[in-house]
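Results of the structural survey
If you want the building blocks of each chain, they are given just below.
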Amino acid sequence: MASIYGNFGASAYPSQAAARTSFMAGWSPAQGCADSRSVPIDPGLTATLFYSPASPSGCAAVWQDRGWQFDLYGDMRGGQPGDASPPWLEVARSVATHFEANPLPSGIGLFRCDIAADGLHSSASWVVGSDLYHVALYHGAVRTVELLQAMAPYPGAS
């Protein structure tokens, strides 16, 4: 059952600026990893891989696409003994490919995925007007993207 736990919600703010401020509060691409290099994900799409001498395989991978920020972190190697998660580049390519075929809500958004030994813990937040929406799934990166793509305006709402 852990593979289907997820949530969806929203927070209303007095203005779009306030929603954006809350949206980016506390976000940091890679604490403790000052070095970076570019890594191609797909044709025309490149991630910045943050790393350090202590973490040469990387601390986080970050890229932007159509107003969305994508942030992968955790066990960037994946697939190690006792670790069922895929390596970060495989996760990045699957998310980017799905995003290309199925656009996310327009505007600014942040997709985050913790690559952990027990699976991919993913979440997304995005601003629409003065509202900040959130979605998360305990296991699955692409399924989190699918969940947020299912968002539709409430009938009768403006």
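Anyway, here's the lowdown on the structure attached to this text. (Residues numbered from 1 in each chain as written. Predicted model: local features only at pLDDT ≥ 70, side-chain atom pairs only at ≥ 80, totals over all residues. Heavy atoms only, no water.)

1. With respect to the overall build of the protein
Worth spelling out the cut-off: For the purposes of this entry, the term helix denotes a DSSP run of H or I that reaches at least four residues, the term strand denotes a run of E that reaches at least two, and both are numbered from the N terminus. Exposed residues in this analysis have more than 50% of their type's maximum accessible area, buried residues have under 20%, and partly exposed residues fall in between, with area computed by a 1.4 Å probe over protein chains only. Exposure was quantified through the Shrake-Rupley algorithm and a 1.4 Å probe, taking into account, for residues, occlusion by the shown protein chains and nothing else.
A count of helical and extended segments in the protein gives three helices and eight strands. Helices (α) and strands (β) of the protein occur, in sequence order from the N terminus, as β-α-β-β-β-β-α-β-β-β-α. When burial is assessed residue by residue, the protein has 39% of its 158 residues classed as buried. Accessible surface, the protein: about 8,100 Å² in total, of which carbon and sulfur atoms supply 56%.

2. A word on the packing of aromatic side chains
Ring pairs (aromatic) are described by centroid distance and by the angle formed between their planes. Here is the rule: Only centres within 6.5 Å qualify two rings of Phe, Tyr or Trp (six-membered ring in Trp) as a pair; their planes then separate them into stacked at under 30 degrees, edge-to-face at over 60, and tilted for everything else.
Applying the stated criterion across every chain yields a total of eight aromatic pairs. With 6.3 Å between their ring centres and 35° between their planes, F8 and Y133 make a pair best called tilted. Here F8, found in strand 1 (residues 6–12), pairs with Y133, found in strand 8 (residues 131–137); they are 125 residues apart in sequence, far enough to count as distant. For F8, a relative accessible area of 46% corresponds to the partly exposed category. Looking at Y133, the relative accessible area reads 16%, which means it is buried. Judged by centre distance (5.7 Å) and plane angle (20°), the rings of W126 and Y133 are stacked. Neither W126 nor Y133 differs from the other in exposure class; each is buried.

3. Quick notes on the pattern of salt bridges
Test applied: Just to be clear on terms, a salt bridge is a Lys or Arg side-chain nitrogen sitting within 4 Å of an Asp or Glu carboxyl oxygen.
Scanning the model with the defined rule gives four salt bridges in all. Here D65 makes a salt bridge to R66, at a shortest N to O gap of 3.5 Å. D65 sits in the buried class, given a relative accessible area of 12%. Two residues, R112 and D71, come together in a salt bridge whose shortest N-O distance is 3.1 Å. Here D71 lies in strand 5 (residues 68–74) and R112 lies in strand 6 (residues 109–116), a separation of 41 residues in the sequence. By relative accessible area, which is 25% here, R112 ends up partly exposed. A residue is classified by how much of its surface remains accessible, and D71, at 0% relative accessible area, is buried.

4. Looking at unusual backbone geometry
Phi is positive for R66, which is not a glycine, with a value near 50°. Tracing the backbone through its elements, the reader meets R66 in the loop between strand 4 (55–65) and strand 5.

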